[in-house]
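These are the residues of each chain, in order.
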Amino acid sequence: MTHFDAATAAVEAALAAGARYADARVMHRRHESMNARNGEIEELTQNEDAGIGVRALVGSSWGFFAVPDLTAAAARKAGATATAIAKASTGVPGPQVDLVAVTATVDSWASTCEIDPLTVALSDKGDLLSRATAESRKHGADVAEGIYQIWDTRKWFVSSEGHRIDQHLRECGAGISATVVGESETQRRSYPSYRGQYGTRGWELVNEIDLGAHAARIAEEARALLTAPLCPQGETTLILGGEQLALQIHESVGHAIELDRILGWEAGYAGTSWLDLAKLGSLRYGSDLMNITIDPTIPGALGSFGYDDEGTPAAPRHAVRNGTWVGVLAGRDSAGVAGLDYAGSVRADGWSRLPMVRMTNVGLQPGPHTLEEIISATEDGVYMDINRSWSIDDKRLNFQFGCEVGYEVKNGQLGRMLRNPTYTGIGPQFWQSMDMLSSEIVTWGTPNCGKGQPGQVGHTGHPAAPARFTNVRVGVRG
Amino acid sequence: MSTTVDTQLDVASRVLDLVRDAAGSGAEAEVLVSRQELALTRFANSYIHQNVADAVTHVRLRLHLEGRTAVGSSTQLGDGLRDLVDRTVAATRLSPLDPGWPGLTPPSPPPTSGNVDEATVAATPDERALRVRAFIDAASGLNTAGYFRTNYVSAAFANSAGQSAAGAMTEAAMDGIARTATSDGVARLASVRLADIDGSVLGTRAAAKALASQNPVELPPGQYEVVLESDAVVDLLRNFAMWGFNGKAYLERRSFAQLGERQFDEAVTFVEDVTTPRALGLPFDVEGTPKRRVEFVANGVTRTVAHDRRTAAQAGTESTGNAHPAARAFGPIPLGMTMVPPGPEMPTEEVAGPAADLSVMALVSGVRRGLLVTDFWYTRVLDPRPLVITGLTRNGVWLIEDGEITTPVKNFRFTQAYPQALAPGAVLGVGTHLVAQPGDWGSESFVAPAVRLGSWNFTGGASG
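- An unreviewed UniProt entry lists chain B under the name Peptidase U62, with Planosporangium flavigriseum as the source organism.

- In the nomenclature of an unreviewed UniProt entry, chain A is known as Peptidase C69 of Planosporangium flavigriseum.

Laid out in structure tokens, this is it:
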């Protein structure tokens, strides 16, 4: 029996049990990770899982059931059970669910990959991490850490509307960090970002970031931070590096434009959104420089795919155009409830989890400046980069971020290093204060986006570049 | 239950046999076979919008061979077990040397087989929907959202040193909010027993909080005396567990913990103990170390931090049974910690108005001017060593004046060193009623009373 056969059997059983729509995903996922610390490999883990998840719609109520058994009998039972669960949902029914129309597609898609990361010798991968962390340790790190992660995912999707899509995604990435311990505090510097850089690419991504070339620098910078002056407190002009701006986009734009949040479907846990659908197309989100796209077609980005987990083909779309909010991340059911005509942003963390609205690649279009020009044009301010902490309220308005490192900006030049830089604000006010944006876009990968109950971890991408914001409160501390 | 556990022990034993065949008798191997049957009925806008269940068996193999170590896992039984063994043996042989390998857990029986409620195991989608219906119906017509879930975990462990252990646990949990246009209220509870979760009681409480916190006013940020309800106190426990009592962080001096020092108010005692009849959790960890009662803080004095076998060996002590799948890199953490009140635990009762229960009101009555805080949200570490955390309040904040709850208040942002908040002299009262809070991720199960603290550092208001 092929995986398509198993998925088909599950869908047919769900329909036979009374569902008016059903879909099923067989997934086979391999995950490999390695951690190094202070020049030694700490752990090598290789996980593998496979199974089938079935979604059934009875009336306007959903049911979902998943099992790791891929026999025909198990698949049929899973389909029938999903329908039985959906029937229980009808006891507490909601509004009419009309799925947004999607062309039933038969297709096969694979991400591009020059060097299959699972075929790279473990010894080579281990040498990379152990050498980089040994180098950091030699240059002053008390704790030098390195990590790589690899995911190899195959999916077979079948729907009762006629979808039959298989996909093969290969994702990987790596990073290093150096922590120093002072009398009463710690300082950390990371490269290329906290937890590393990730993409839907092969091992060539890891080769390009060249961890070893940055190992000494981050240790020395972390050591220097211990005696650097504290970030001043007050309102100032803030220049953010691209890595930090990527997380700013993720938290204060990406989650805010998730349609399930806007509709209140995540109110009990992740929260809602400050955005009101009635203002889609007219609400001022940020300055004219703010152009945010939702684009799962970016080659190699961590939020890229051929089709989402409802079989909707990947397509780019504006979320914010010239500062005005114009688009959302949607699924077929949420779009139907909201009266929108597009979906395409639904994914699940494995076969055992329900597909839900997730970010794909959500990021900025390039601006007209360079970081050098932004710093040169700034008389007095603070430059911060590389995220250290992040927190935002349940409506995605009130945020506070901490960065690993800050620098004074005086008379158009970078000055002293600053420790414990933090900044805080309210989303739309902050974005409306963006008055300079660089063209130096990097698409950062975030492999740890949490959402949903049961909890799911999502992989997202965020094109971002350095930018300047005015009148921002910085230096918040306990 | 016993059939499942017996099957799991058989699977573990078969994996050990396969390891012997593939790698010889010199291989040190440990196998954890765990099965989870999780069902979660989720509601929003007062209807069920997501309703999921899954039943998955995981097999985890850790292998130490010729001085090298690797870990593999699979959800595929049958032929999948041989694949798991073969690829883990191959990975181990290619791994670097592991000079810190602490050896396997010796034979040592767990203190209990875990707490299982058969009604929770057998709960149906209809029973879950009924509890959701009860929550919604009790919420005074307010918009509601949340979930009801049942969770059954059974596990068997075996290693090549002769240790063998089996156990199981159940959890029934509900977490829901009621909403008005300007406010939210929450009620949560977790228990071993399905019968303990009453959707009607929780829906009534969530609605009472939401109704009492409508049209809140904005107060200036600053230092406020606070009464933190159990939901908020659990956030303290979670962060203390992750960063403070993490054995690896302690060994690397990234933790504030100093053993034997009076770092907390004498009213503070933190304990982990799965041997009690209402404890949520398996009776052994992923290394097969039996769980035991561990006092992390006793009457204000830091007694120990969490250890797995590796950090215990480095510290010259014994494992506290806190190994978990990510412990090697992140460090062992006590995911089942309880804050134990200094006096006897007392039954409580629901009260009218925004307070969760009578024990909260007893703390409120002593406050001249302060804030009643229901819940914390999105807390993150600014620096792990002093354990400075930023986050926000959520689901209801009120001004307390002369022992009375007077005015609903908008949410605050805070930036607070958690150990400082519980430092000697800082704890002005501890509630007498313990509440088990549902965990958001993984197998955490924290239990806490409400507390009254002398000061909490609010650094921002609702408008920034």
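## Comments concerning the overall build of chain A
Then, number 1: Assigned secondary structure in chain A consists of ten helices and 23 strands.
Then, number 2: Its C-alpha atoms give chain A a radius of gyration of 23 Å, near enough to 23 Å, the size a compact globule of 478 residues would have.
Then, number 3: Here the C-alpha coordinates of chain A stretch approximately 70 × 55 × 35 Å along the principal axes.
Then, number 4: Classification of the 478 residues of chain A by burial places 64% in the buried group.

## Topic: the overall build of chain B
Then, number 1: Of the regular secondary structure elements, chain B holds eleven helices and 19 strands.
Then, number 2: Relative to the globule expectation of 23 Å for 464 residues, the C-alpha radius of gyration of chain B, 23 Å, shows essentially globular dimensions.
Then, number 3: Seen through its C-alpha atoms, chain B measures out along the principal axes to roughly 70 × 50 × 40 Å.
Then, number 4: Within chain B, the fraction of its 464 residues that count as buried is 61%.
Then, number 5: For chain B, long-range pairs separated by at least 24 residues make up 74% of all intrachain contacts whose partners lie at least 6 apart in sequence.

## Section: the domain arrangement of chain A
A common way to report how large an interface is uses the accessible area buried once the components associate.
Residues and elements named next belong to chain A.
Then, number 1: In terms of domains, chain A is made up of domain 1 (3-225) and domain 2 (234-474).
Then, number 2: Here the C-alpha centroids of domain 1 and domain 2 sit 21 Å apart.
Then, number 3: Listed per partner, the contact involves 46 residues of domain 1 and 41 residues of domain 2.
Then, number 4: Listing elements by their share of the side of domain 1 that touches domain 2, those giving two or more residues are strand S1 (21-37), strand S2 (40-58), strand S3 (61-67), strand S5 (143-159), strand S6 (164-181), strand S7 (186-191), strand S8 (197-199) and helix H5 (215-225).
Then, number 5: Among the residues making up the side of domain 1 that touches domain 2, the classes are represented as 18 nonpolar, 16 polar and twelve charged.

## Thoughts on the domain arrangement of chain B
Residues and elements named next belong to chain B.
Then, number 1: The domain boundaries assigned to chain B delineate domain 1 (2-211) and domain 2 (216-460).
Then, number 2: Distance from the C-alpha centre of domain 1 to the C-alpha centre of domain 2: 23 Å.
Then, number 3: Each partner contributes residues to the interface: domain 1 has 40 residues there, and domain 2 has 37 residues.
Then, number 4: Broken down by secondary-structure element, the contributors of at least two residues to the side of domain 1 that touches domain 2 are strand S1 (28-44), strand S4 (143-159), strand S5 (164-179), strand S6 (184-191) and helix H5 (199-212).
Then, number 5: Residues belonging to the side of domain 1 that touches domain 2 are distributed by class as follows: 18 nonpolar, 14 polar and eight charged.

## Topic: the environment of Val268(B)
Residues and elements named next belong to chain B.
Then, number 1: Residue placement: Val 268 occurs in the loop between helix H7 (247-251) and strand S8 (270-272).
Then, number 2: Taking the number of C-beta atoms within 10 Å as the measure of exposure, Val 268 has 27 and is therefore buried.
Then, number 3: A C-alpha to C-alpha distance of 36 Å links Val 268 and Glu 37, two positions 231 residues apart in sequence.
Then, number 4: Residue contacts for Val 268: discarding those within four places in its chain leaves Val 297, Gly 300, Leu 422 and Val 427.

## Observations concerning the packing of helix H3 (residues 122-138) of chain A against H5(A)
Residues and elements named next belong to chain A.
Then, number 1: Closest axis-to-axis distance for the H3/H5 pair is 7 Å, and the angle between their directions is 35°. H3 and H5 meet at a crossing whose hand is right-handed. Note on element contacts: H5 touches H3 through Ala 215, Ala 216, Ile 218 and Ala 219, opposite Ala 132, Glu 135 and Ser 136.
Then, number 2: Here the residues of the contact of H3 with H5 sort into five nonpolar, one polar and one charged.

## Some details on the packing of helix H1 (residues 3-16) of chain A against helix H2 (residues 72-89) of chain A
All names here are of chain A.
Then, number 1: For the pair H1 and H2, the least separation of the axes is 7 Å and the interaxial angle reads 35°. The crossing of H1 and H2 is right-handed. Listed contacts from H2 to Ala 6, Ala 9, Ala 10, Val 11, Glu 12, Ala 13 and Ala 14 of H1 are Ala 72, Ala 75, Arg 76, Ala 78, Gly 79, Ala 80, Ala 82 and Thr 83.
Then, number 2: Along the lines of polarity and charge, the residues of the contact of H1 with H2 split into eleven nonpolar, two polar and two charged.

## A word on the UniProt feature "domain: Metalloprotease TldD/E N-terminal" (unreviewed entry) in chain A
Then, number 1: In the numbering used here, UniProt assigns the feature "domain: Metalloprotease TldD/E N-terminal" (unreviewed entry) to residues 22-86 of chain A.
Then, number 2: Secondary structure across residues 22-86 of chain A divides into 23% helix and 65% strand, with the first and last C-alpha atoms of the span separated by 11 Å.

About the thresholds
- Residues numbered from 1 in each chain as written.
- Chains lettered and ligands numbered in written order.
- Predicted model: local features only at pLDDT ≥ 70, side-chain atom pairs only at ≥ 80, totals over all residues.
- Helix = DSSP H or I, 4+ residues; strand = E, 2+ residues; numbered from the N terminus.
- Rg over C-alpha atoms; globule rule 2.2 N^0.38 Å.
- Buried ≥ 20, exposed ≤ 12 C-beta atoms within 10 Å, placed from the backbone.
- Contact = placed C-beta atoms within 7 Å.
- Domains from an automatic or database assignment.
- Nonpolar A, V, L, I, M, F, W, Y, C, P; charged D, E, K, R; others polar.
- Axes fitted to C-alpha atoms, helices over the stretch in contact; angles between N-to-C directions.
- Left-handed = near helix turned anticlockwise from the far one by under 90°.
- UniProt positions renumbered as here; feature names shortened; annotations may be inferred.

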